[in-house]
Amino acid sequence: MNMRAMVLAVFLLGLLGTGIELLFLGHTAGWSQLTPIVLLVMSLLVLAWHALERKWASLRAFQITMLLLVAAGILGTALHYRANEVFELEADPKMRGMELLLKVMEGAAPSLAPGAMIQLGLLGLIYAFRHPASEQTREEQ
């Protein structure tokens, strides 16, 4: 098994595990909670397309999807942090500094959990880095 295949295997395990966990947690209320699930499913679909065709277009679609995963992870981290901050400041409006930071990081919405999306996106980009299909031109397809 080559390195690219091992990276892909770890990516798929992470993708499935994260998706299942989000569903078990009921992470489905509204568009902001459904976005990561939609992106995970989209990643599987684009990867299936790429497995069938192994062409430049499917690889480019996969890379774009991975960038969307990274962006969703960054946005999700900000949303989780902000939700916890609002909750903590409602309980104690005078809280500031390190005390507030610690309370926010320990909050109900795990502030760093969306980092898994960032990791998956980066892992997918590593898989696509210097991929043989990237050497094809559009005319060759």
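You'll find the structure just up there.
All values derive from a computational prediction rather than experimental measurement.

## Considerations on the pattern of salt bridges
Moving on, step 1. Tallying each qualifying case throughout the model produces one salt bridge.
Moving on, step 2. A salt bridge links Glu85 to Arg82; the nearest nitrogen and oxygen atoms lie 2.6 Å apart. Taken as a pair, Glu85 and Arg82 lie in helix H3 (residues 56-91) at a separation of three residues, close to a single helical turn.
Moving on, step 3. Overall, Arg82 belongs to the partly exposed group, its relative accessible area being 45%.

## Focus: the layout of surface pockets
Over the atoms rolls a probe the size of a water molecule, and its path tells where empty space is left.
Moving on, step 1. Size it by volume and the largest pocket reaches roughly 520 Å³.
Moving on, step 2. What lines the largest pocket is a set of 22 residues, among which Leu22, His27, Pro36, His80 and Pro114 lie closest to the centre.

Rules and cut-offs
Per chain, residues are indexed from 1 in the order of the written sequence. The predicted nature of this model means local features are confined to residues of pLDDT at least 70 and side-chain atom pairs, given and counted, to a pLDDT of 80 or more, with totals for whole chains, interfaces and linings taken over all residues. Water and hydrogen atoms play no part in the side-chain values, which are based on all heavy atoms of the structure. Salt bridges are defined by distance alone: a side-chain nitrogen of Lys or Arg within 4 Å of a carboxyl oxygen of Asp or Glu. Each helix corresponds to a stretch of at least 4 residues labelled H or I by DSSP, and each strand to a stretch of at least 2 residues labelled E; elements are numbered beginning at the N terminus. Summary of the burial criterion: residues with accessible area below 20% of their type's maximum are buried, those above 50% are exposed, and those between are partly exposed, where the area comes from a 1.4 Å probe applied to protein chains only. Here a cavity means grid points, on a 1 Å grid over the protein atoms only, where a 1.4 Å probe fits yet cannot get out; a pocket means an open set of points with protein on both sides within 12 Å along at least five of seven lines; lining residues are those with an atom within 4 Å of a point. Grid points are joined across faces, edges and corners, and a volume is the space filled by probe spheres set on the points.

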